Amino acid sequence: RGLLGRQARCATWSSNTLLPGMDYPVLGWHADYPYHDIVDGPWPEQTLAVQVLWLLDDFRADNGATLFLPGSHRLLRAPDIEPFSRPPEARQILAPAGHVLLAHSAWWHRQTTNRSPSPRAALLANFVRNYVVPKADVEEQYHRIVQSFGAQLDPRQLLDLQRLLLGFHRRGLRGVQA
């Protein structure tokens, strides 16, 4: 919330698992939502979003750990390098399971091939400023979480969950036409 303001909200919530030998040729160097949707002109200087990665497995050089370019979020533009290149300044996220990474969503990064015999998994969440339209149907996710775990949460936790996923509104954007 320090980067995005008090009314930041979740725009996407997903998992990412790389199976052994798995590679996605279409996902070369890229930035995350909402930056990858900005096609005209430079990106705004104000931070629009941050990406949070919860490492469920160790991130190692052999199992598809994310490659990134330090400081690339300050360039305020889409990656313009060879999609599967490995520039000398690129670094790989090498960390044990249980670690959490917070990254500016404009960071240039790509996955690498999982050459290990085991899957490599992470949970991903994208948080945006309150005026950025969420990418996913977070309202549906909110209702499913409340259905599954609502009885275990106290009123304050339920309110925090609602604000995190739906913003400070009592409803999401369901039914809104773009």
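For the structure, see preceding data.
Just so you know, the residues in each chain are numbered from 1, in the order the chain's sequence is written. Where totals are concerned, whole chains, interfaces and linings use all residues; where local detail is concerned, this predicted model gives features only for residues with pLDDT of at least 70, and gives and counts side-chain atom pairs only at 80 or more. With hydrogens and water set aside, each side-chain value is computed from the structure's full complement of heavy atoms.

**Q** It is not clear to me how helix α1 (residues 138-149) should be interpreted in this structure. Could you clarify?
**A** Think of an α-helix as 3.6 residues a turn; residues three or four steps apart then line up on the same face. Strands are runs of DSSP state E lasting at least 2 residues, helices are runs of H or I lasting at least 4, and numbering of each runs from the N terminus. Given the number of residues in a helix, its expected span is that number minus one, multiplied by 1.5 Å. Relative to the 16 Å expected for 12 residues at 1.5 Å per residue, α1 spans 16 Å between its end C-alpha atoms, a close match to the ideal helical length. Restricting attention to buried positions, one finds in α1 the residues Val138, Glu139 and Tyr142. Seen along its axis, α1 keeps its buried residues to an arc of 105 degrees; they face one direction. In α1, the exposed positions that point more than 90 degrees away from the buried face belong to Arg144 and Gln147. We call two residues in contact whenever any of their non-hydrogen atoms come within 4.5 Å of each other. Structurally, α1 contributes buried residues whose contacts are with β1 (9-18) and α2 (155-166). Note on classification: 1.4 Å probe, protein chains only; a residue is buried when its accessible area is under 20% of the maximum for its type, exposed when over 50%, partly exposed between these limits. Note: the arc covers the axis-to-C-beta directions of the helix.

**Q** How do you make sense of the packing of aromatic side chains when you look at a structure like this?
**A** By convention here, two paired aromatic rings are described through the distance between centres and the angle between planes. Any Phe, Tyr or Trp ring, taking Trp's six-membered ring, that has another such ring centre within 6.5 Å forms a pair; planes under 30 degrees apart are called stacked, those over 60 apart edge-to-face, and the others tilted. On inspection of all chains with the given rule, the structure shows 3 aromatic pairs. Aromatic side chains tyrosine 35 and tryptophan 43 sit 5.1 Å apart centroid to centroid with 50 degrees between the ring planes, which places their arrangement in the tilted category. Residue tyrosine 35 is classed as buried on the basis of its relative accessible area of 1%. Judged by its relative accessible area of 5%, tryptophan 43 is buried. When the ring of phenylalanine 68 is compared with that of tryptophan 107, the centres are 6.0 Å apart and the planes differ by 45 degrees; the resulting orientation is tilted. Linking phenylalanine 68 in strand β3 (residues 67-68) with tryptophan 107 in the loop between β5 (100-104) and β6 (109-110), this pair joins segments that are 39 residues apart in sequence. Among the residues examined, tryptophan 107 registers a relative accessible area of 7% and is labelled buried.

**Q** How should the pattern of salt bridges be read in this particular structure?
**A** Between side chains of opposite charge, a pair can form as their charged atoms come close. When a carboxyl oxygen of Asp or Glu lies within 4 Å of a side-chain nitrogen of Lys or Arg, that pair is called a salt bridge. Applying the stated criterion across every chain, the model contains 3 salt bridges. The salt bridge involving aspartate 160 is made with arginine 156; its shortest N-O contact spans 3.4 Å. In this pair, aspartate 160 and arginine 156 are both assigned in helix α2, 4 residues apart and thus about one turn of the helix distant. Aspartate 160 sits in the partly exposed class, given a relative accessible area of 35%. Among the residues examined, arginine 156 registers a relative accessible area of 52% and is labelled exposed.

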